[in-house]
Amino acid sequence: MTNMDKKYHQQTIAVQGGWEPKNGDPRIAPIVQSTTFKYDTAQELSDLFDLKAAGHFYTRLSNPTAEVLEKKMAALEGGIGAMATSSGQSAVAALVMNLCDAGDHIVTSSAIYGGTANLFGHSFKKLGIEATFVDMDAGEEEIFAAVRPNTKLLFAESLSNPSVRVLDFEKFARVARRAGIPFAVDNTFPTPCLCRPFDFGANMVVHSLSKYADGHACSLGGILVDKGDFDFASSEKFPALTRPDESYHGLVYTEAFGNAAFITKARTHIMRDFGMMISPFNAWLTNLNLETLPLRMQKHSENAQKVAEYLEGHPKVEWVNYPGLKSSKYRELAKKYLSACSGVMTFGPKG
Ligand SMILES: *Cc1c(COP(=O)(O)O)cnc(C)c1O
């Protein structure tokens, strides 16, 4: 992975990240619209299949254009690796499936996107993975009380869709640490330009790239980013990562891939089997659109602040909910965790 995040500002990463052309290479990352990749010998292909060598061989597993997007988003978030998916829904699904089997359980903030709430509350329930929904503003003890012996994940949104409530990151991170489970955050609304969950204790981040990241309403996409700091190797809770994987000739992910075990298994197990890869063209468009993300997020936030203040002073408006307002109960959390409050607000007309 590129170490751009250590050397450059986010504005630079948004333009230059993920693609470092060599002499004579195209300036802009090309669209590699190919299902398969050519190798001279069967041995080379066999080594790729067995994860003994790195390289692309089939776009369901990896693709050079998707990889550019993955590296750029990983650098923007400060993660060690990422996996781009066909949508935000499939990124969340990949996160859960990479950690949970039937019989397992997750604890999630109840202030989450409706599609995610449905996925957790209905679709995963049918597959035997249960969710407990907690109020994100509940106290640490109350949230911790929802954890069970079979709980494998704590989940929340940094800035909730659509209620724009701000997550108390450190409270959630403490619960996850006490429970010995990963803490994952959906960072779709702030994007890494306004909030970096990894700086406040999150172990994984997911995004719907279909919203601000794409920003031009042209491509659906999602991404799962790993900070690489959850100690799977010392945990008894995740045998799929720490015991031999029969579908990979007995490979043990934590031994073979170290701190990249989680994100490698997401790709070689979940994406291989469920096929939720992003298309090269959508990856290309999203990557191009990310070039202006820092500028757009700044402007969205300034515009929203003005509109929210205007509406708050309007005689026909009953209430306005935007964490950038002095009247917001999330003002302090917003100041602590967000550099600006993004572009979504809610309000109610009088009567
Ligand atoms: C839209 C959205 C999703 C789902 O993403 P899609 O790309 O529409 O599948 C997940 N989380 C949040 C916060 C969203 O806004």
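Everything quoted here is computed from the prediction, not taken from an experiment. (Residues numbered from 1 in each chain as written. Predicted model: local features only at pLDDT ≥ 70, side-chain atom pairs only at ≥ 80, totals over all residues. Heavy atoms only, no water.)

### Notes on the overall build of the protein chain
Okay, step 1: Each helix and strand counted, the protein chain has 15 helices and 9 strands in total.
Okay, step 2: For the protein chain, the C-alpha radius of gyration of 21 Å lies close to 20 Å, the compact-globule estimate for 351 residues.
Okay, step 3: Counting only C-alpha atoms, the protein chain reaches 75 × 50 × 35 Å along its principal axes.
Okay, step 4: Taken over 351 residues, the protein chain has a buried fraction of 52%.
Okay, step 5: For the protein chain, the accessible area works out to roughly 15,700 Å², and carbon and sulfur atoms hold 54% of it. (Helix = DSSP H or I, 4+ residues; strand = E, 2+ residues; numbered from the N terminus. Rg over C-alpha atoms; globule rule 2.2 N^0.38 Å. Buried < 20%, exposed > 50% of the residue type's maximum accessible area, 1.4 Å probe, protein only. Areas by Shrake-Rupley, 256 points an atom, 1.4 Å probe, with all protein chains shown as cover.)

### As for the side chain of Ser-160
Okay, step 1: As for its placement among the helices and strands, Ser-160 is situated in the loop between β4 (151–157) and α8 (169–179).
Okay, step 2: Only 2.7 Å separates the side chain of Ser-160 from the side chain of Ser-163, close enough to count as a polar contact.
Okay, step 3: When near neighbours in sequence (up to four residues on either side) are disregarded, Ser-160 contacts Ala-111, Arg-165 and Phe-189. (Polar contact = N/O pair within 3.5 Å; in protein donor to acceptor, adjacent residues only side chain to side chain. Contact = heavy atoms within 4.5 Å.)

### Concerning the site of the ligand
Okay, step 1: Taken together, 14 residues surround the ligand, and among them Gly-88, Asp-186, Ser-208, Ser-210 and Lys-211 come closest.
Okay, step 2: Contact distances for the ligand include 2.7 Å between an oxygen atom and a side-chain N or O atom of Lys-211.
Okay, step 3: For the ligand, whose unbound accessible area comes to 380 Å², protein coverage reaches 94%.
Okay, step 4: Taken together, the residues that form the shell around the ligand break down as 2 nonpolar, 9 polar and 3 charged. (Near = heavy atom within 4 Å. Nonpolar A, V, L, I, M, F, W, Y, C, P; charged D, E, K, R; others polar.)

### Observations regarding the domain arrangement of the protein chain
Okay, step 1: What the domain assignment reports for the protein chain is domain 1 (4–289) and domain 2 (293–349).
Okay, step 2: Averaged C-alpha coordinates put domain 1 and domain 2 at centres separated by 28 Å.
Okay, step 3: Listed by partner, the interface residues are 27 residues for domain 1 and 23 residues for domain 2.
Okay, step 4: Buried surface at the junction of domain 1 and domain 2, both sides included, amounts to about 2,100 Å², of which 67% is carbon and sulfur.
Okay, step 5: Interface area lost by domain 1 to domain 2 is led by Val-166, Leu-194 and Tyr-212, which between them contribute 34%. (Domains from an automatic or database assignment. Buried area = accessible area lost by both parts, 1.4 Å probe.)

### Points about the side chain of Thr-59
Okay, step 1: Inspection of the secondary structure puts Thr-59 in the loop between α3 (42–49) and α4 (64–77).
Okay, step 2: Its relative accessible area of 12% is what places Thr-59 among the buried residues.
Okay, step 3: A distance of 2.6 Å separates a polar side-chain atom of Thr-59 from the backbone oxygen of Ser-34.
Okay, step 4: Polar side-chain contacts of Thr-59 include one of 3.1 Å to the side chain of Asn-63.
Okay, step 5: If we skip the residues at most four places from it in the chain, Thr-59 touches Ser-34, Thr-35, Phe-37, Met-277 and Pro-280.

### Examining the sheet that holds strand β1 (residues 81–85)
Okay, step 1: Spatial ordering of the open sheet is given by β1-β7-β6-β5-β4-β2-β3, a layout of 7 strands whose pairing is mixed. Unpaired on one side and paired on the other, β1 and β3 (130–134) mark the two borders of the sheet. Taking the axes of each pair of neighbouring strands and ignoring which way they run, one obtains an average angle of 20° across the sheet.
Okay, step 2: Here β1 pairs with strand β7 (residues 222–226) via 5 bridges, running antiparallel. Paired with Ala-84 across the two strands is Ile-223, which belongs to β7.
Okay, step 3: Sitting on the sheet, α4 touches β1, β6 (204–208) and β7, and the angle it makes with β1 is about 125°. (Pairing = 2+ DSSP bridges. Axes fitted to C-alpha atoms, helices over the stretch in contact; angles between N-to-C directions.)

### Some points on the pairing of β1
Okay, step 1: Most of β1 sits inside the fold, with 5 of its 5 residues counted as buried.
Okay, step 2: Where burial is concerned, the two faces of β1 agree: the one with Gly-81, Met-83 and Thr-85 and the one with Ala-82 and Ala-84 are both buried.

### What to know about the nonpolar core
Considering soluble globular proteins, one finds that nonpolar side chains tend to be buried as a cluster.
Okay, step 1: Ranked by internal contacts, the top residues of the largest apolar core, which has 62 residues, are Leu-69, Leu-154, Leu-167, Phe-172 and Phe-183.
Okay, step 2: Shared between two domains, this core takes at least three residues from each, and those domains are domain 1 (4–289) and domain 2 (293–349).
Okay, step 3: The residues touching Leu-167, leaving out its near neighbours within four places in the chain, are Met-136, Ala-156, Glu-157, Ser-158, Phe-172, Phe-183, Val-185 and Tyr-337.
Okay, step 4: Listed in part, the 38 residues of the second largest apolar core include Leu-119, Ala-131, Phe-155 and Phe-230. (Core = buried A, V, L, I, M, F, W, Y, C linked by side-chain atoms within 4.5 Å.)

### Let's talk about the pattern of salt bridges
Okay, step 1: Inspection of the entire model under this criterion finds 17 salt bridges.
Okay, step 2: Taking the shortest distance from any N to any O, the salt bridge between Arg-178 and Glu-140 comes out at 2.9 Å. With Arg-178 in helix α8 and Glu-140 in helix α7 (residues 140–144), this pair connects stretches of sequence that are 38 residues apart.
Okay, step 3: Assessed through its relative accessible area of 38%, Arg-178 is described here as partly exposed.
Okay, step 4: The residue Arg-178 makes a salt bridge to Glu-141 at a minimum N-O spacing of 3.0 Å. (Salt bridge = Lys/Arg side-chain N within 4 Å of Asp/Glu carboxyl O.)

### So, the environment of Ala-14
Okay, step 1: Structurally, the position occupied by Ala-14 is in helix α2 (residues 10–16).
Okay, step 2: Ala-14 gets classed as buried once you look at its relative accessible area, which sits at 0%.
Okay, step 3: When the C-alpha atoms of Ala-14 and Leu-293 are compared, they prove to be 7.0 Å apart, with 279 residues separating the residues in sequence.
Okay, step 4: Residues within four places of Ala-14 in sequence aside, it is in contact with Lys-72, Leu-76, Leu-290, Glu-291 and Pro-294.

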